[in-house]
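# A look at the structure
As a plain string of letters, each chain reads:
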Amino acid sequence: MQIIDLYIRDTFRHSSEGYFPTVTRLVDTSTDFTNGLFKVGQTIKDLDSGVEGTVTAIAPGGNVNTLDITGGIFSGSGKRYQIYNDFTKLELFKDESVSITDTIQNVKDPAKIFAPFSQQFSVPASKHNNKFFKHYYNSEVINSYDARFLGDALIQLNGTNYKKGSFRLTSVDLKNNVAYSYKLVFTGETVEFKKILAENELSSLEFPSNLDFEYTSNFVKGRLGTTSPSSPPYPQPDLLFPLITHSKNMRYGYNGNAGYKDAITNTDLNYADIKPAIKAKVIIDAIESNYPQIKFSNTFFNSYNFKKLYLWLHREEGFMSNAEEGGDVQTIVGTFFSTSSLISTNYNFDSGDELRPPSIRSGFFPEVGTFAYGYSRFEFYLTVNAPPGRNYTVTYMTFNNEVLFETQGVGTQTVDAYFANTQDIGEGIFATKIVITTDNTLGISQDLEVRKIFDGNGGPSTYVTMGVGFYSLPALTSQNFITVQSQMPKMKIFDFLKNIFTMFNLTAYKEDGVITVLPLDDYYNAGNVYDITQYVDTSKKTVSKLLQFRNMIFKFKTKKSYLVQYSDELQGNKFAEESYGNDEWDGGDYKIEAAFDKMMYERLNDESSPNTLTDIQQGAMLDKKFEPTIGDPLLFYPIWTETSDVIKFDNLDGTFSNLRRYYRPSNSIVNINSGYINASINFGVEADEYTQLTGSLGQTSSNDLFTKYYRNYVANLFARNSRKTNVSAYLPLNVILNYRLNDIFIIGTTEYRINSIKTNLLTNKSDLELYNLQVNTSQSLNGQRQELQRVENLQTTSKTSSEIIFTYTSITDTNLLRYEIYIDDVYSGFTNPGSFGSNAAGLDSDTTYKISVRAIYDIDGGENGAFDTDLFETTL
């Protein structure tokens, strides 16, 4: 029988921001630490650095905004911190049974991640426990225990930490109106994304301000790739513009037109035709920054392949918008002339005759007679340069907001307005303001032609043009400024994370406040092996069918663009989808669906020269009617590409730029020289749209999402000999305290994966739900065997921004042939027997790599490898 101890911490949390003038002092001018909530002995945590300490004094020197602390090195200003109470050991009933159930990737629902939980258990309403729960059963107690929140919890077995997590107070039992017991439910350290993130959308995240930008032609050209990156591996900015159009159907040499032009309007590409994209890693960083409770490990989200992934900022169909949520309108105000020092939006004089100030006094127009004088006028020809389909209202008004003329416009349009010179519109001169009202002010500029017309005798035949002035009002910075936040696709933060997990078959577990995220294969590969044969109760065992499905179908939720829709209609296989199973088997279909859009990209032909491929690859978010559309958020890889085929770029100021570099959108990271596909974000094998190959000739396996992240797990579930086995075992304490859900249990000669374990901590009895481990498909293809000795003690000895040097314990087996080195599952070379390490070079800075070492043996004249030993390390 085990000794069970339960430690819990109440739900008091104080979060704020302050500064540390010394390593042992906190100052927070917004908090009065003498209000009775704060006590000596409480724990303080710097939420930015993770440093923890203990409160040693309240308001030292009489300063109510100050605490003295010890136990950690604190420093800095503007630091987020949290203060909470220490753990309290609860008194338990002598024979109270506590059962904990562990599961992380349950075969009953392969797409979900689970966590340890317990059945409800009771603690006595003793004097000690009543003090902690502050007599919760009595609702009249002021500031009683707050059961609306979860509290921290720690379970120890025989004095050793067993599980960390949280607890929930559910009820209090009373007997004869006297408190008897408190009912608690324990939940292990888990990833509570749904609870923390709630219903908040990606647009609620705050991003670094240096990602915001003025939406101009020059900025877009630079981020389209015209600014050459440094030497390989070509570091990419956090925000860039890929060649994905939202409204134009660009072709090359179409219908006799030279070069890269829209098939419908025959116009060149301009900055308003494309939208930006942001690194998915930047979104992960923003989640951690906005939600301090979430701290991810570097293992996956900082990996090379994930850091190359981008999210297209396509919030609305068609042109990018800065429209306010709720449909509020915005205005652009331009003044033809004003003497007021408060007015800074006078139109710029470009050429012709400067007609300002346009005085109505004597001498500005000839005074032939009252009638003629009255018919002299100013003629305004305002050209509003706006993206196609943009609706707006043009209003001429006085400075007292009296409307003189108003009309509706759409796209680029010229609006005429005539005003008699006798109209005194303030300041004793002709001074009008022109207001453009629209829900989206992005990219709107204005050209204004003003004519001074004199009517000599009141008839058209005597009209005399006395002057013509040309003016302009560029798109204003304040009304042409883009924040990344405002352009995020409409998706909940939780759904973004959930669907990233779905794409890459990620699993997560929380230890010491850090959420480790790994692909399932990598998680399982790090497990240990326990032979529990002697502890199993052999008197009763149940063996049953493992999986209740006949097929698993892997797909993306939407495919809104015309090219992928046409492909799905014409091809027998759906683009980027995969399935595993057999329609004739028993059971239903299980869908694993990532709620992202899937686009097929197109490497353009030069249609003026049949069968000639250009270097231009593009995407187009257009439906089959070639009209703008929108689907779920789009993830892709941008590949910096040099092209011999010019992309003519309209600067919208009468000039053009010939671009020979751009970011091409891609579903894969591919070496265009060898054809090797390093990563693909398609479910299933697809040809890379640029190389039009499924991989290089020497590529032994595909790196699509299914093959790389799902195949081993799914093939094991569907194997003919797979079974689910339910047995009971009395596991020793060293197993209960140390096992992880990625470990392998051996019973007799059979190896099992853990589906779930339910352990009674009082009796040590565990009810095990296991499934027998079939041959791992990838390991089988690689000739790897479980019984061969693996490399041990793989660790980093030094690293730089581009190199990681590592060592391992040399294997003395005489059958050892070599050690093979893999970087992110790609073969990198080998070392000979007797070696103690190697290195990985040519790496990106501040990037996490998986380094795997595989021992290769001579077995009966053939080569077989042990299972890989993995090391995750981040460059400087």
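Below is a summary of the structure that appears in this document.

Parameters and conventions
The written sequence of each chain sets the order in which its residues are numbered from 1. In keeping with the model being predicted, local features are shown solely for residues with a pLDDT of at least 70 and side-chain atom pairs are shown and tallied solely at 80 or more, while totals for entire chains, interfaces and linings include all residues. Remark: hydrogens and water are excluded; side-chain values derive from all non-hydrogen atoms of the structure. Here the term cavity refers to a set of points on a 1 Å grid, laid over the protein atoms alone, in which a 1.4 Å probe fits but cannot get out; the term pocket refers to an open set having protein on both sides within 12 Å along at least five of seven lines, with lining residues being those that place an atom within 4 Å of a point. Grid points are joined across faces, edges and corners, and a volume is the space filled by probe spheres set on the points. Helix and strand assignments come from DSSP, with helices taken as H or I runs of at least 4 residues and strands as E runs of at least 2, each series counted from the N terminus. Charged means Asp, Glu, Lys or Arg here, nonpolar means Ala, Val, Leu, Ile, Met, Phe, Trp, Tyr, Cys or Pro, and polar covers whatever is left, Gly included. In this description, a nonpolar core means a group of buried Ala, Val, Leu, Ile, Met, Phe, Trp, Tyr and Cys residues linked to one another through side-chain atoms lying within 4.5 Å. Only protein chains enter the accessibility calculation, which uses a 1.4 Å probe. A residue is then buried if its area is under 20% of the maximum for its type, exposed if over 50%, and partly exposed in between. We call two residues contacting when some pair of their heavy atoms lies within 4.5 Å. Ring geometry is summarised as follows: Phe, Tyr and Trp rings, the Trp one being its six-membered ring, pair when their centres sit within 6.5 Å, and such pairs are stacked at plane angles under 30 degrees, edge-to-face over 60 and tilted between the two. Remark: a charge is flagged as sitting over a ring if the NZ atom of Lys or the CZ atom of Arg is within 6 Å of the ring centre and within 35 degrees of the ring normal. Note on definitions: angles span 0 to 180 degrees between N-to-C directions of axes, and those axes are lines fitted to C-alpha atoms, for helices only across the stretch in contact. Should an angle fall under 35 degrees it is taken as roughly parallel, and over 145 as roughly antiparallel, whereas 65 to 115 is taken as roughly perpendicular and any remaining angle as oblique. Take the far helix as your reference; a near helix turned counterclockwise from it by less than a right angle gives a left-handed crossing, and one turned clockwise gives a right-handed crossing. We define a salt bridge as a side-chain nitrogen of Lys or Arg found within 4 Å of a carboxyl oxygen belonging to Asp or Glu. We treat two strands as partners when DSSP finds at least two bridges between them.

## Topic: empty space enclosed by the protein
Enumeration over the complete set of coordinates arrives at six cavities of 30 Å³ or more. Considering only enclosed or pocket space, the largest cavity measures out at about 70 Å³ in volume. Around the largest cavity sit F300, N305, F306, F504, Y637, A679, S680, I681, N703, L705, K708 and Y709, which together line it. At the level of secondary structure, the elements contributing two or more residues to the lining of the largest cavity comprise α5 (304-307), β45 (677-680) and α11 (705-718). Take the lining of the largest cavity: its biggest share by element is three residues, from α11. Of the residues that constitute the lining of the largest cavity, the class distribution is eight nonpolar, three polar and one charged. What the second largest cavity holds in volume is close to 60 Å³. If you trace the second largest cavity, you find it lined by I677, S680, V685, E686, T694, Q699, S701, S702, N703 and D704. Its residues assigned to classes, the lining of the second largest cavity comprises two nonpolar, six polar and two charged.

## Re the nonpolar core
Among soluble globular proteins, nonpolar side chains are generally buried collectively. Counting 163 residues, the largest nonpolar core has F133, F207, Y215, I283, F301, F504 and F745 as the members making the most contacts within it. Not counting chain neighbours up to four residues away, the residues in contact with F745 comprise Y530, I532, V735, Y739, T750, E751, Y752, I754, I757, L768 and L770. Among the nonpolar cores identified, the runner-up in size contains 23 residues, and V384, F419, L448 and L473 belong to it.

## Here we look at the packing of aromatic side chains
Taken as a whole and assessed by the stated rule, the structure comprises 49 aromatic pairs. Their ring planes at 25° and their centres at 5.9 Å tell us that W585 and F718 sit as a pair that is stacked. Taken together, the positions of W585 in the loop between β38 (578-581) and β39 (588-597) and F718 in helix α11 put the pair 133 residues apart, joining distant regions of the chain. The class for F718 is buried, based on a relative accessible area of 11%. The structure contains a cluster of three or more aromatic residues connected by ring pairs, namely F193, F296, F300, F301, F306, F501, F504 and Y709. In this arrangement the basic side chain of R356 is found over the ring face of F336, its NZ or CZ atom lying 5.6 Å from the centre.

## Details of the packing of helix α4 (residues 280-290) against helix α8 (residues 493-504)
It is the contact of α4 with α8, at a shortest axis distance of 12 Å, that shows an interaxial angle of 130°. Here α4 is positioned oblique relative to α8, judged by the angle of their axes. Helix-helix and strand crossings are classified by hand; for α4 and α8 the assignment is left-handed. Residues A280, I283, I284 and I287 of α4 touch α8, and the partners they reach there are I493, F496 and L497. Residue composition of the contact of α4 with α8, by class: seven nonpolar, no polar and no charged.

## A closer look at the environment of G842
As for its position among the elements, G842 is in the loop between β54 (837-840) and β55 (848-859). Through-space distance from the C-alpha of G842 to that of E803 is 6.4 Å; in sequence the pair is 39 residues apart.

## So, the pattern of salt bridges
Summed over all chains, the structure comprises 35 salt bridges. A salt bridge links D102 to K163, with the shortest nitrogen-to-oxygen separation between them at 2.6 Å. Here the residue D102 occupies a position in strand β9 (residues 99-102), and K163 occupies one in strand β13 (residues 160-175), the gap between them amounting to 61 residues. Close ionic contact of D615 with R603 constitutes a salt bridge, the shortest N to O distance being 3.5 Å. Of the two residues, D615 is situated in strand β41 (residues 613-620) and R603 in strand β40 (residues 602-605); the sequence distance between them amounts to twelve residues. For D615, a relative accessible area of 16% puts it in the buried group. Taking the relative accessible area as the measure of exposure, R603 reaches 18% and is therefore buried. Linked by salt bridges that have partners in common, D522, K708, D825 and K850 make up one network.

## Let's talk about the pairing of β45
When strand β44 (residues 668-670) meets β45, the two strands line up antiparallel, connected through three bridges. Residue pairing in the sheet places S668 in a bridge with S680 of β45. Counted along the chain from β44 to the antiparallel partner β45, the turn is six residues long, and its residue G675 has a positive phi close to 85°.

## Digging into the packing of α8 against α11
The N-to-C vectors of α8 and α11 enclose an angle of 85°; their axes lie 8 Å apart at closest approach. As far as their axial angle goes, α11 and α8 are roughly perpendicular. Here F501, T502, M503 and F504 of α8 come into contact with α11, specifically with L705, Y709 and Y710. Each residue belonging to the contact of α8 with α11 can be placed in one class, and the counts come to six nonpolar, one polar and no charged.

## Quick notes on unusual backbone geometry
Located in the positive-phi region is D824, a residue other than glycine, with phi close to 50°. Mapping D824 onto the fold places it in the loop between β52 (816-823) and β53 (826-831). Phi is positive for D860, which is not a glycine, with a value near 55°.

## Thoughts on α4
For α4, the buried fraction is high: eight of the eleven residues fall into the buried class. Along α4, the residues that are buried comprise A280, K281, V282, I283, I284, A286, I287 and E288. Buried residues along α4 sit in contact with α2 (193-197), β21 (277-279), α5, β22 (310-312) and α8.

## Regarding the sheet that holds β38
Here we have three strands laid out as an open sheet, ordered β38-β37-β39, and mixed in their pairing. Of all the strands in the sheet, the pair left with one neighbour each is β38 and β39. Pairwise comparison of adjacent strand axes, ignoring direction, gives a mean angle of 15° for this sheet. Bridge count between strand β37 (residues 549-558) and β39: eight bridges; the pairing is parallel.

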